[in-house]
Amino acid sequence: MLQVNITTPPHVKWAAGQHYIIRFLNVGIHAFSSHPFTVASIPSANGGKNDLELVFAVHGGITKRLKDAVEGKPSKALKVWVDGPYGGPPAPVNQYDHVYLVAGGSGVTFTLSLLRDLVRQMNNAKGIKCSHVEFILAVKSPDTISWMENELAGARDLGVNIRLHVTQGYDLNEEKTEDPEAESIDDKPKVTQTVALGRPDIPAIVHQACRSNIGSMAIAGWSYRLGMSF
């Protein structure tokens, strides 16, 4: 996964789950094409510095060109042209009693921004109705979520249920139970989560949610296979 941060003026605002059309102006031939990127971050709450955080898998085309441009460097400045924001959920998910956020791979940028927004509102204890949040993510390897461990740990502390589905080359027997009293030199919080092998059964998850929950419910996610949010 590759992360790109675009610093914007304080007046630039967007909602969780929205995307921008972005053109990178100094990456060769790709400077003549624009590409949609979902923003993983949420706007600053106090009018301070805003960063559009883009996180995506590297394939070919523009993503490979960006990877080549920054490889071996701690950081690299790029000029960009930004148009938006566009899209987003049809209704704020914080107005539902139960919220399920479902994504696979780099589609997590959509659901992570929604989770970050919910977590901030949970911490502020205002403007939020939901009392039950589940964050369901399918990845090839648990290592691919290391960049968002802090967010997942913070969400877990607030009662969010984290469900990780690993689709390739993972042995549940390799999971080790950490001693909660043991000291660690790693300052990052460790995420306690449910881990399952294979892709999540979305119809079964929806069916179970409808059977077990009372009240309003929102299910939001992103499918790159379908090229759409739901």
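Residues numbered from 1 in each chain as written. Predicted model: local features only at pLDDT ≥ 70, side-chain atom pairs only at ≥ 80, totals over all residues. Heavy atoms only, no water.

### Here we look at the nonpolar core
- With 30 residues, the main nonpolar core has L101, L115, F135 and L137 as its most contacted residues.
- If you list the elements that add at least two residues to this core, you get β6 (98-104), α2 (108-124), β7 (132-139), α3 (149-157), β8 (161-166) and β10 (217-223).
- Among residues more than four places away in sequence, those in contact with F135 are L101, V108, T111, L112, L115, L152, V160, N161, I162 and R163.
- Judged by nonpolar contacts, the second largest core, of 16 residues, contains L2, V12, F24 and L66. (Core = buried A, V, L, I, M, F, W, Y, C linked by side-chain atoms within 4.5 Å. Buried < 20%, exposed > 50% of the residue type's maximum accessible area, 1.4 Å probe, protein only. Helix = DSSP H or I, 4+ residues; strand = E, 2+ residues; numbered from the N terminus. Contact = heavy atoms within 4.5 Å.)

### Describing unusual backbone geometry
- The omega torsion of the bond from G84 to P85 falls at 10°, within 30 degrees of zero and hence cis.
- Structurally, the position occupied by P85 is in strand β5 (residues 80-86).

### Observations regarding the side chain of H35
- For H35, the location among the structural elements is in strand β3 (residues 35-38).
- Within the structure, H35 has its side chain in polar contact with the side chain of S33 (distance 3.0 Å).
- Among all residues touching H35, those that are not within four sequence positions of it are Y20, I21, I22 and I62. (Polar contact = N/O pair within 3.5 Å; in protein donor to acceptor, adjacent residues only side chain to side chain.)

### What about the environment of P89?
- Tracing the sequence through the fold places P89 in the loop between β5 and β6.
- As a C-alpha pair, P89 and A15 span 74 residues in sequence and 9.1 Å in three-dimensional space.
- For P89, the contacting residues outside a window of four places in its chain are A16, G17, F110 and L114.

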